[in-house]
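# Observations on the model geometry
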Amino acid sequence: MSNTNELIDFKEKQDYYEGKSPFALSIARLKKNKWAMFSFWVLCIYVLSTIVTTYNVFGIHEAAYDFNIKNRYVPMFNSISELFGTDTFGRNVLARAILGARISLFLGLFSGLIMIPVAILIGSIAGYYGGVMDDISVYIMSVIVAIPGMLIIMSLVQTLGRSFLIIAFAFAITGWVGLARVIRGAFFQAREFEYVLAARTLGANDFRIIFKHILPNTFHFVILRFVLNFVSVIKMEVFLAYIGLSVIGVPTWGNMINESKTELMASHWQNMTAATLFMFIFLVCLNIFGDAIRDAFDPKLKNV
Amino acid sequence: MINYLIRRLLHLVPIILGVALVFFLIFNVIGGQEKFLYNILPKKSRTVEQIDFYKHKYGLDRPMVVQYLDLVKQMVTFDFGRSEVRKIPVKTLLMRHVPNSAKLTFPAFFFEISISLILASLCAFYRGSKFDRLITVLSVLGMSISMLVLILLGQQILAYKWGLFPISGWVKGIGAIKYLILPWILWVLVSVGYDVRFFRTALLEESHKDYVRTAKAKGLSDKSIMFKHILRNALIPILTYVVIQIPFLLMGSILLERFFSIPGIGDLMVNAIFNYDLPVLKATIMFFTLFFVGFTLITDVLYALVDPRIRLS
């Protein structure tokens, strides 16, 4: 009885696995995860809204930036266009929360784009060549880890100025170490594997082995780090806003929550509710999606 | 063992040099000296001549290499002089602030680790059940909420509206506990999500190993397998994870310290960054680095003690 079942299982599995690359299998596994796909689409909506609101649709920029003192502290759920009311300057809180996604997304994107090439380069060279290269990279990493990341970010933003690129750069400086370590470890292991030996025997040079053969195997770490980087950047941005070091003059979630600090005493919950809600949904989706990526791409953890 | 310790302590030297270099690059090369001098001068005497005078006095017009070596010397002798803003020796300032941070973070950390360890082992024991799923969902939600929001809500609702806790404040001695309860609760809420997930994964990874199957084949009950075999073996990654977090505790509480006006080291550090109080900054960075390297050393030694397969070599 159980034997036939196993045979059927085996047949199904064979049909399922045949002719598919590990990457395609992982994507298929990811697609089967309903929650992951749901959060993926929610994240897509955020990205889409960011792209759309770059242009001034429905006068969203005026609603978010222009002062309108007569119309201040409109309560929440009063009308559809002012769903979350208005803040102390009469600016539309809903519009500001939507535009706040933009800064967070761009900060995450830019810091990721700076961080990932650095991490890949240093991690792969350290792990592949070992020896002196490895010692130097590990030394740099341990120095950066030994200083609290928050302190580096705050000091850099304070000395260089509170501009958008500098904040992204500061996030990247502290963020690359974790990824570089993981990639270094993966390269360390992969160096000994047969497929690397095979590639070398076939006459592939180091560059080709690193980028064509080993790096694709560590790619899920990169994707995962890229996704989770948004989480840490958004949380850090709120912190920076509280300290007073976030990007000036634009609505960000951190700035909104920071402003709500004084408004809560007078029970004006508009800024707090809108920013928290938008940020919370975004972070939950990122976390779920990140988990799903890790589960789908890491075959060792499949059963956990 | 002793050889290993000595070798590890020698590793400290280049790390301190590197940390000094990073600090030097940020504050002496990129900028900050002018602002620093500008800040310590009284309002009326903020002229170029005055700033040049002070630049000479603090040795900021010397060659970069000399300045760097001076910084290293200060870091090694742990003599940073006086705080420029508070006019108190930095050592006294640190001695005064570090215990307060410790009072805030160590009990909170202890509560949080015990709570998450209990929750995680329950989750791993009843894996796949409703309880497990509920805790997993809650921990994802907990990971996604910003600390600032939680602090604001806690202070607004629990402390201000319901009056359960004092809003903020600090006293010396044992009476400080009443100001610390709310920060402790918030700390646990913020970090319990991460830890439960990590511990649960560590436990579950362990439960797929061969010795678990052997134990089951021997006829041991699930409970004794879980708590006698798996939990003990999973303690190795858990222990590393916990010990490696300890150095970050002193810095991790910046938000709580500022919001609840607890005079701790995070608060000191943020103020130092804003006022360009370089002596205090140097001291805090040095303190943190030593703390960090010391605890990584302890982790490695503990690791070898707990797991006999690992050799110290």
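Now for a quick tour of the structure. (Residues numbered from 1 in each chain as written. Chains lettered and ligands numbered in written order. Predicted model: local features only at pLDDT ≥ 70, side-chain atom pairs only at ≥ 80, totals over all residues. Heavy atoms only, no water.)

## A few points about the packing of helix H7 (residues 149-160) of chain A against helix H8 (residues 164-190) of chain A
Residues and elements named next belong to chain A. Closest axis-to-axis distance for the H7/H8 pair is 9 Å, and the angle between their directions is 155°. Judged by the inter-axis angle, H7 sits roughly antiparallel to H8. Remark: the crossing between H7 and H8 carries right-handed chirality. Side by side, H7 and H8 meet where Gly 149, Ile 152, Ile 153, Leu 156, Val 157 and Leu 160 of the first sit next to Ile 166, Ile 167, Ala 170, Phe 171, Ile 173 and Thr 174 of the second. Across the contact of H7 with H8, the residue classes tally to 10 nonpolar, 2 polar and no charged. (Axes fitted to C-alpha atoms, helices over the stretch in contact; angles between N-to-C directions. Helix = DSSP H or I, 4+ residues; strand = E, 2+ residues; numbered from the N terminus. Parallel < 35°, antiparallel > 145°, perpendicular 65-115°, else oblique. Left-handed = near helix turned anticlockwise from the far one by under 90°. Contact = heavy atoms within 4.5 Å. Nonpolar A, V, L, I, M, F, W, Y, C, P; charged D, E, K, R; others polar.)

## Let's talk about the packing of helix H13 (residues 270-297) of chain A against helix H7 (residues 147-161) of chain B
The geometry of H13(A) relative to H7(B) is characterised by a closest axis approach of 11 Å and an angle of 140° between their N-to-C directions. With respect to their mutual orientation, H13(A) and H7(B) come out oblique. Helix-helix and strand crossings are classified by hand; for H13(A) and H7(B) the assignment is left-handed. Contacts between H13(A) and H7(B) involve Met272(A), Thr276(A) and Met279(A) on the former and, on the latter, Val149(B), Leu152(B) and Leu153(B).

## A word on the nonpolar core
Core analysis: the biggest nonpolar cluster contains 164 residues, and Met154(A), Trp253(A) and Leu281(B) have the highest contact counts within it. Broken down by element, the residue count for this core peaks at 14 residues, all from H13(A). (Core = buried A, V, L, I, M, F, W, Y, C linked by side-chain atoms within 4.5 Å. Buried < 20%, exposed > 50% of the residue type's maximum accessible area, 1.4 Å probe, protein only.)

## Some remarks on the packing of aromatic side chains
Where two aromatic rings form a pair, the distance of their centres and the angle of their planes describe that pair. The tally for this structure, following the rule as stated, stands at 26 aromatic pairs over all chains. Aromatic side chains Phe111(B) and Trp184(B) sit 5.7 Å apart centroid to centroid with 75° between the ring planes, which places their arrangement in the edge-to-face category. Placement of Phe111(B) in helix H5 (residues 90-125) and of Trp184(B) in helix H8 (residues 177-206) is noted, with a sequence separation of 73 residues between them. We classify Trp184(B) as buried; its relative accessible area is 14%. In this structure an aromatic cluster arises from ring pairing among Phe40(A), Trp41(A) and Phe289(A). Positioned above the aromatic ring of Phe188(A) is the side chain of Arg184(A), whose terminal nitrogen or guanidinium carbon lies 5.0 Å from the ring centre. (Phe/Tyr/Trp six-rings, centres within 6.5 Å; stacked < 30°, edge-to-face > 60°. Lys NZ or Arg CZ within 6 Å of the ring centre and 35° of its normal.)

## Observations regarding the pattern of salt bridges
A full pass over the atoms with the stated rule returns 11 salt bridges over all chains. Arg200(B) is the partner of Asp132(B) in a salt bridge, and the nearest nitrogen-oxygen pair spans 3.0 Å. Of the two residues, Asp132(B) is situated in helix H6 (residues 130-144) and Arg200(B) in helix H8; the sequence distance between them amounts to 68 residues. Residue classification places Arg200(B) among the buried residues on the basis of a relative accessible area of 18%. The partner of Arg258(B) in a salt bridge is Asp267(B), and the shortest N-O contact between them spans 3.5 Å. By relative accessible area, Arg258(B) is classed as partly exposed at 27%. Given the relative accessible area of 16%, Asp267(B) is considered buried. One connected set of salt bridges, linked through shared partners, spans Arg91(A), Arg96(A) and Glu259(A). (Salt bridge = Lys/Arg side-chain N within 4 Å of Asp/Glu carboxyl O.)

## Some points on a nonpolar patch on the surface
A contiguous nonpolar patch, built from Val132(A), Ile136(A), Tyr139(A), Ile140(A), Met1(B), Ile2(B), Ile6(B), Leu10(B), Val13(B) and Leu17(B) and spanning about 930 Å² of accessible area, is present on the exposed surface. Mapped by element, the contributors of at least two residues to the nonpolar patch are helix H6 (131-146) of chain A together with helix H1 (2-30) of chain B. When residues in the nonpolar patch are grouped by element, the largest group, 5 residues, is from H1(B). By the secondary structure assignment, Leu17(B) is in helix H1. (Patch = residues over 30% accessible without salt bridge, like charges linked within 9 Å, V, L, I, M, F, W, Y side chains within 5 Å. Areas by Shrake-Rupley, 256 points an atom, 1.4 Å probe, with all protein chains shown as cover.)

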